[in-house]
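Structure at a glance
Listed below, chain by chain, are the residues.
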Protein chains: 2
Amino acid sequence: MFKLEPKNKKALLKAALGEIDADLAVKNCRLVNVFTGEIYPVVVYVKEGFIAHVEREALEGPYRAKEVFDGEGRYLIPGFVDSHMHIESSMMVPRNFAKVIVPHGTTTIVHDPHELGNVYGVEGVRYMHDSAEGLPMRQLVDIPSCVPAVPGCENAGAEFFADEIRELAKLERVVGLAEVMDFYGVMHGDDRMMDIIAAAEECGLYLQGHAPGVSGRALSAYLCGGPYTCHETRGSAEAMEKLRMGMYVDSRESSITKNVEAIWEGVKGSRYFDTLTLCTDDRESDDLLHEGHMNAVVRKAISCGMDPVDAIKSATINTAREIGIAHLGAIAPGYTADMVLTKNIRTLWADVVFFGGKIVARDGKLTEPVEDITYELETRNSMNLAPVSEEDFVIEAPVQNGTVKVNVMKYQSLDSSVTDLSTAELTVKDGRLILGEGMAFVAVLNRYGKGTKALGIVENFGLKEGAIASTVSHDSHNLTIVYFDPSDAAVAANELIAQGGGMTAVAGGSVLNTLRLEVGGLMTKLEAEALTVEAAKMKEIERGMGITVPVNPLLRIVSLALPVVPNVKMSDLGIVNVADQTMIPLFA
Amino acid sequence: MFKLEPKNKKALLKAALGEIDADLAVKNCRLVNVFTGEIYPVVVYVKEGFIAHVEREALEGPYRAKEVFDGEGRYLIPGFVDSHMHIESSMMVPRNFAKVIVPHGTTTIVHDPHELGNVYGVEGVRYMHDSAEGLPMRQLVDIPSCVPAVPGCENAGAEFFADEIRELAKLERVVGLAEVMDFYGVMHGDDRMMDIIAAAEECGLYLQGHAPGVSGRALSAYLCGGPYTCHETRGSAEAMEKLRMGMYVDSRESSITKNVEAIWEGVKGSRYFDTLTLCTDDRESDDLLHEGHMNAVVRKAISCGMDPVDAIKSATINTAREIGIAHLGAIAPGYTADMVLTKNIRTLWADVVFFGGKIVARDGKLTEPVEDITYELETRNSMNLAPVSEEDFVIEAPVQNGTVKVNVMKYQSLDSSVTDLSTAELTVKDGRLILGEGMAFVAVLNRYGKGTKALGIVENFGLKEGAIASTVSHDSHNLTIVYFDPSDAAVAANELIAQGGGMTAVAGGSVLNTLRLEVGGLMTKLEAEALTVEAAKMKEIERGMGITVPVNPLLRIVSLALPVVPNVKMSDLGIVNVADQTMIPLFA
């Protein structure tokens, strides 16, 4: 089990007593105390990376410390702790991700390497864990609980059972079982989920939940099943119901899904917010660079009316308690010396960031070098499928000419990922289906050597011409292509196979642009600035091809094959009826 | 590790979903929600001893339950959880103790069998643990951390090191390491305490502290050392300092030491009370019968100005979080169904008490039979010393006649247990010391077969005639006697040796009265009512002999040999200088 403790406890004790010099004293700052809600001037002594002593008196020194840092009257708050997120969503590898969020004052994340877990299994989780070694922040890991998301309806790169959980629980920075998405399985006591939960409990892991829209008796059953947190709360009433039931509500503000306001509206009448935390879930590089990370979420909560100290508490000690890690999330004796100096506790731009008592960022810039390491997994091509040809993307109609009824996956709107099953009567000419108005072809190709592939038809997706393809395709991350002309689809597929994954756009048989995501087909080794430029180029091209969703056109395709979003989705096995997890034939 | 979980989780899930009948539905009651602070009408469904579902709507039924209990509009609160206490202080054995507190709504205690641990070692802790089997309440155990309290200055019946902690941690209901009293040892990183703390952490135990009056850098060092709770807070400023430092403040209201008011005065300005809990520490049978147990402490906190729901929260979920036990301390899905119905959330008399979903007390009476079991340890005589004679209590003066300087343990007042070292010039006549005004002799005899014995002189103790003796004598519980005439002392000692321990009063060579405490010399098998009568008789007699302390004269002698109370104390090895843990000779 992960534990925060100094290497040399006796030295910490001596520094606390003032018998030896501390390594650092931070003077002239105003402590935001998350235990009492007070703000008052302090001197904070640090030894061995931990807070040795917080002095409210004798502010003038002398200071029993090797180094004295002048806080210049700013607020001193605990480093932020993100209660739920996925590094892969940033499309950056863990080391580069750290570089961009540390300057915002996030010193601990609890992340779920679910995406790479679906691609590379245990090895992928291990890489996400191991590659965080020596970073100027703490990347705690929750073990993906649902790999694949919907067993039997899709083929991912791995399958996790209780044994995988037990094996991964041995990793040093593992703290929990990640978002238990199969809430249906939990509430009905399915053996696989019960085994996985029992294994996690046996290993001392906390149980992170995932219960979007689940309420009433279903929510009671889910809580009785074990998981006790949720970052999928969208509605105000839903938020208050979860709080009442003792569930931790991890209020999310991702790049796409912004729930903080609605949740605050729901829970603001509560007397206690012990179980309210804040999280980012999925944030892209652009937002990380310009808006921030956890500081942006806390800022948003405050702008919605939350008291600044309550909001800071929800992003620090509340999360530490939720995940069961002692000595984290506060500035008090024995706690890890992760601290942020900020001029303004409403806007929360981080002036100085301390991690383990060491300055790691100042004025928005990382000051602690992050060693450049290349891991073997990063150099592999994860695309385990052979080059394809135009013929692979032609749907064989059951008649040569005439009409045929097909089951179509129809988006409810151009900016919702919710789809309905729709039946259309399509013309067949020389054995080929003629698409109706607003339709496109879709292909999902297994990229883990299974050889499985499904073709279908999508409506209201938005694409107007050419083809787009992505290997970021939740949660199995198979190669997903939306197209009109099979030859464009083949060019797109072969481009991503050659590049080792990513996103591409093709028109007239030529690649327009590719965003290369060579690490597992999900992440790039580019840093945030370069990635933001690349992503912007790709977005621009996709917008030009008709993907006009308000926030991020790149995310339109990535949930096409996600069989936990209602009501029908495509996988490498075909059309999935999400509600009952059955397969639907293409021809009605 | 102790864990709360249903035997048949799948049945609990089914009842939550309403697929099968719950075992019980409690309707027509107002839930005190410790997560939100709200009070609202509910129906609570219980299955397998756990809360399956809490329904806010559809209050009229039908109820999917085998049995429906009408709450008659009363408040439904979680069963109380006592964050720190010693059963031995009640002088009752665990089973009889349960009988008297369950009707007050305490369904869980976290107790420290420190006293019997000093007498019988591992075996004593085991007995305290095992004899709670099958009770209509949960007696969780913290393993005594400091046996004896001051190694080297006293001989107890046992010595605990890391191995004893590891062994006892295997017991089913063990949750923590009990009040780490040797705060000096912790803050200075003494090997024995560091080893014990490391062993406890390795076993997943939480670390209960004990830091009376400790503040500033000393408190920082103590917290860096590990323990993070304290029930020894007396002052208002001390309470707020501890809260600020992230320490759990277990606000105590024992029969003798009443800290709730001062603590509340200190902390009432805090924005948060997450780390404020309530506890009883030591309560005697009289109080338990007539004033209550945790309900009395909560009542007191409310009378001091604490919000009733905050106070209830401090006596339930806050404590559950402090001790790290999930599914305890709230009425919510998945939580143990320990609940109390009360008409008034300010006075908190328990009308109906549910433990694990079963009614165990109504209208102040236990309704669930407690099986009468006799344990082998209860039938033993713990007095391992031979009968004594008058000569054993005569102090041999270094001169036959004349004067001699002696070191006297002088109480600061008749109702304080704090003493100072005082030097007196006493007359010696025929080799015998003549006591000065207000003085008495004191003897501490090891009762664990060590053969050690110390004689001394006490001043301002209060006794005016005869002799009193006790085997309740913290923390080593050696046979302690205060007397004028050695022959009375011998009678008193022999009486307690014969009775197997207890308290006795002797005058003119005859026993006036004995309160027999045959279980380890600390507890009786009498139930609360009978014990209260016996204790009242004993108190009356001691008062008549001059022990006029306001609260309980029986407790005057019990701290005489407690070498952690300042400034000098007697042990079976002689006079102890508490501050530096050295021995002081009798003759100055």
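Attention here is on the structure that accompanies the text.

1. Some remarks on the sheet that holds strand β29 (residues 582–584) of chain A
Residues and elements named next belong to chain A. Taken together, three strands build an open sheet; the order of strands is β27-β28-β29 and the sheet is antiparallel. Each having just a single partner strand, β27 (568–571) and β29 make up the two edges of the open sheet. Between one strand axis and the next, the sheet turns by 45 degrees as a mean value, whatever way the strands run. Where β27 meets strand β28 (residues 574–577), four bridges bridge the pair, whose relative direction is antiparallel. For Met570, the partnering residue across the bridge sits in β28 and is Ile575.

2. Here's the deal with the packing of aromatic side chains
Scanning the model with the defined rule gives 18 aromatic pairs over all chains in all. Here the aromatic rings of Phe393(B) and Tyr483(B) are separated by 5.6 Å at their centres, their planes lie at 80 degrees, and the arrangement is edge-to-face. Pair noted here: Phe393(B) is in the loop between β17 (365–366) and β18 (402–411) and Tyr483(B) is in strand β24 (residues 479–483), with a separation of 90 residues, a long-range link. One aromatic cluster is present, formed by Tyr206(A), Tyr228(A) and Tyr248(A) through successive ring pairs. Lying across the ring of Tyr45(B), Arg217(A) places its NZ or CZ 4.7 Å from the centre. One Lys or Arg, Arg299(A), reaches over the ring of Trp349(A) and ends 4.0 Å from the middle of that ring.

3. Topic: the relation of the copies chain A and chain B
Expressed as a screw transformation, the operator carrying chain A onto chain B has a rotation angle of 180 degrees and an axial translation of 0.0 Å, and the superposed copies differ by an RMSD of 0.1 Å. Within this description, the copies of the chain are treated as partners about a two-fold rotation axis. Among all C-alpha atoms of chain A, that of Asp274(A) lies closest to the rotation axis, at 3.6 Å. Both copies present the same face, since 100% of the interface residues in chain A are matched by interface residues at the equivalent positions in chain B.

4. Regarding the interface of chain A and chain B
It is common to give the size of an interface as the accessible area lost on bringing the parts into contact. With 60 residues of chain A at the contact, the number on the chain B side is 60 residues. Both faces combined, the contact of chain A with chain B buries some 4,900 Å², and carbon together with sulfur accounts for 52% of it. Scanning the region where chain A abuts chain B turns up 14 salt bridges. Viewed at the interface, chain B and chain A are joined by 28 residue pairs in polar contact (both at pLDDT 80 or more). Among the secondary structure elements, those contributing two or more residues to the side of chain A that touches chain B are α1 (9–17), β2 (39–47), β3 (50–55), α6 (183–187), α7 (191–202), α8 (216–225), α9 (236–244) and α13 (308–314) of chain A. The biggest single contributor to the side of chain A that touches chain B is α8(A), with eight residues.

5. Considering the sheet that holds strand β13 (residues 276–279) of chain A
Residues and elements named next belong to chain A. As summarised here, the arrangement of the three strands in space is β11-β12-β13, forming an open sheet in which the pairing is parallel. In the strand order of this sheet, the two ends are held by β11 (229–230) and β13, each with one partner. In the sheet, β11 pairs with strand β12 (residues 248–252) via two bridges, with the strands oriented parallel. Counterpart to Cys230 in the pairing with β12 is Val249. Most of the contacts of helix α10 (residues 260–267) go to β12, to which it runs at about 140 degrees, and overall it touches β12 and β13. Packing of helix α12 (residues 294–303) onto the sheet brings it into contact with β12 and β13, and relative to β13 it is tilted by some 130 degrees.

About the cut-offs
- Residues numbered from 1 in each chain as written.
- Chains lettered and ligands numbered in written order.
- Predicted model: local features only at pLDDT ≥ 70, side-chain atom pairs only at ≥ 80, totals over all residues.
- Heavy atoms only, no water.
- Pairing = 2+ DSSP bridges.
- Helix = DSSP H or I, 4+ residues; strand = E, 2+ residues; numbered from the N terminus.
- Axes fitted to C-alpha atoms, helices over the stretch in contact; angles between N-to-C directions.
- Phe/Tyr/Trp six-rings, centres within 6.5 Å; stacked < 30°, edge-to-face > 60°.
- Lys NZ or Arg CZ within 6 Å of the ring centre and 35° of its normal.
- Least-squares fit on C-alpha atoms with pLDDT ≥ 70 in both.
- Contact = heavy atoms within 4.5 Å.
- Buried area = accessible area lost by both parts, 1.4 Å probe.
- Salt bridge = Lys/Arg side-chain N within 4 Å of Asp/Glu carboxyl O.
- Polar contact = N/O pair within 3.5 Å; in protein donor to acceptor, adjacent residues only side chain to side chain.

None of this, on its own, says anything about what the molecule does.
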